[in-house]
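Results of the structural survey
Okay, here's what each chain looks like letter by letter:
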Amino acid sequence: MSISEIKRKARSVLKGKWGVAVQLTLLIYLINTLLPYFVEVFLSGGFSNWWYQEEAPIASDIFNLILALAIIPLTISSYWFFLSLARNESVSVGKVFSIYKDGATSFKLIGASFLMGLFVFLWSLLLVIPGIIKSLSYSQTFFILKDHPEYSVFEAITESKKRMKGYKWKYF
């Protein structure tokens, strides 16, 4: 499939659904970007205190760490949203947040994200290029977990490596 065919398919899938796609993207952006700043301003004692402080309060750092971990399932669920959109399945922004109803899946996604990051880091210790190659190898892990929730994290990573064999350059 050529790039122009992929673009054409993406436009046809988004036809009539641009609003919900933009809404989700904006919402994820606001949660990832602005929420940590609002919390830091609040924990600093207001905007004027925040503006002149040299270091963020430790409570703000702790909150940002917890928020970063909590947002991992939401971000992956947004990937799944766009996958469902491409598959012409019914989509809604509310379904993205339903990932938190199943705690086991949320923790599995956090674990998968952590392990993938750890593996890429370890491969990057050799040189940068092996880390990039491995990140491409692991790139389909979350999509595999959507289609096969029964897989363990290691099974999904292994399956991603198998599926990306011979396709890493094309994906890059």
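Residues numbered from 1 in each chain as written. Predicted model: local features only at pLDDT ≥ 70, side-chain atom pairs only at ≥ 80, totals over all residues. Heavy atoms only, no water.

1. Structural notes on the overall build of the chain
For the chain, the count of helices and strands is ten helices and zero strands. Starting at the N terminus and walking to the C terminus, you meet the elements of the chain as α-α-α-α-α-α-α-α-α-α. C-alpha atoms of the chain, sized along the principal axes, occupy 55 × 45 × 35 Å. A buried classification covers 32% of the 172 residues belonging to the chain. In the chain, once contacts between residues fewer than 6 apart in sequence are set aside, the share between residues at least 24 apart is 60%. Summed over its atoms, the accessible surface of the chain is roughly 11,400 Å², and 68% of this surface lies on carbon and sulfur atoms. Taking the 18 positively charged and 11 negatively charged side chains of the chain as two groups, their mean positions are separated by 15 Å. (Helix = DSSP H or I, 4+ residues; strand = E, 2+ residues; numbered from the N terminus. Buried < 20%, exposed > 50% of the residue type's maximum accessible area, 1.4 Å probe, protein only. Contact = heavy atoms within 4.5 Å. Areas by Shrake-Rupley, 256 points an atom, 1.4 Å probe, with all protein chains shown as cover. Lys, Arg positive; Asp, Glu negative; His and termini not counted. Charge placed at Lys NZ, Arg CZ, Asp CG, Glu CD.)

2. Looking at the side chain of serine 84
By secondary structure assignment, the location of serine 84 is in helix α4 (residues 58-86). Beyond its immediate stretch of four places on either side in the chain, serine 84 contacts Glu89, Val91 and Lys146.

3. Considering the pattern of salt bridges
Overall, the coordinates contain two salt bridges when judged by the stated rule. Salt-bridge contacts for arginine 87 lead to aspartate 147; the nearest nitrogen and oxygen are separated by 2.8 Å. Taken together, the residues arginine 87 in the loop between α4 and α5 (93-97) and aspartate 147 in helix α8 (residues 141-147) connect sequence positions 60 residues apart. For arginine 87, a relative accessible area of 37% translates into the label partly exposed. Take aspartate 147: its relative accessible area is 35%, and that puts it in the partly exposed class. (Salt bridge = Lys/Arg side-chain N within 4 Å of Asp/Glu carboxyl O.)

4. Re the packing of aromatic side chains
Under the definition given, this model contains four aromatic pairs. Measuring from ring centre to ring centre gives 5.0 Å for phenylalanine 81 and phenylalanine 82, while their planes differ by 90°; the resulting arrangement is edge-to-face. One aromatic cluster in this structure is built from Phe119, Tyr138 and Phe154. (Phe/Tyr/Trp six-rings, centres within 6.5 Å; stacked < 30°, edge-to-face > 60°.)

5. Points about the environment of glutamate 159
As for its position among the elements, glutamate 159 is in helix α9 (residues 153-164). Remark: the alpha-carbon pair of glutamate 159 and alanine 104, spanning 55 residues in sequence, is separated by 20 Å. Leave out the neighbours within four places in its chain, and glutamate 159 touches Ile144 and Tyr151.

6. Describing unusual backbone geometry
In the Ramachandran plot, asparagine 88 falls in the positive-phi region, its phi being about 60° despite a non-glycine side chain. If you trace the backbone, asparagine 88 turns up in the loop between α4 and α5.

7. Section: the confidence of the model for the chain
Residues with a pLDDT of 70 or more make up 100% of the chain, whose mean pLDDT is 87. Here helix α3 (residues 47-52) is the element of the chain with the lowest mean pLDDT, 76, and α8 is the one with the highest, 93. (pLDDT = per-residue confidence, 0-100.)

8. Regarding a nonpolar patch on the surface
On the surface, a cluster of nonpolar side chains totalling about 610 Å² of accessible area is made up of Leu26, Tyr29, Leu30, Leu34, Tyr37 and Phe38. Positionally, tyrosine 29 belongs in helix α2 (residues 18-43). Residue tyrosine 29 is classed as partly exposed on the basis of its relative accessible area, which comes to 46%. (Patch = residues over 30% accessible without salt bridge, like charges linked within 9 Å, V, L, I, M, F, W, Y side chains within 5 Å.)

9. Comments concerning the packing of helix α6 (residues 103-126) against helix α7 (residues 128-137)
Contact pair α6 / α7: the axes reach a minimum separation of 5 Å and the direction vectors enclose 150°. With respect to their mutual orientation, α6 and α7 come out roughly antiparallel. Once α6 is placed against α7, the crossing between them reads as right-handed. Touching Val120, Trp123, Ser124 and Leu126 of α6 are Val128, Pro130, Gly131, Lys134 and Ser135, all from α7. Here the contact of α6 with α7 is composed, by residue class, of five nonpolar, three polar and one charged. (Axes fitted to C-alpha atoms, helices over the stretch in contact; angles between N-to-C directions. Parallel < 35°, antiparallel > 145°, perpendicular 65-115°, else oblique. Left-handed = near helix turned anticlockwise from the far one by under 90°. Nonpolar A, V, L, I, M, F, W, Y, C, P; charged D, E, K, R; others polar.)

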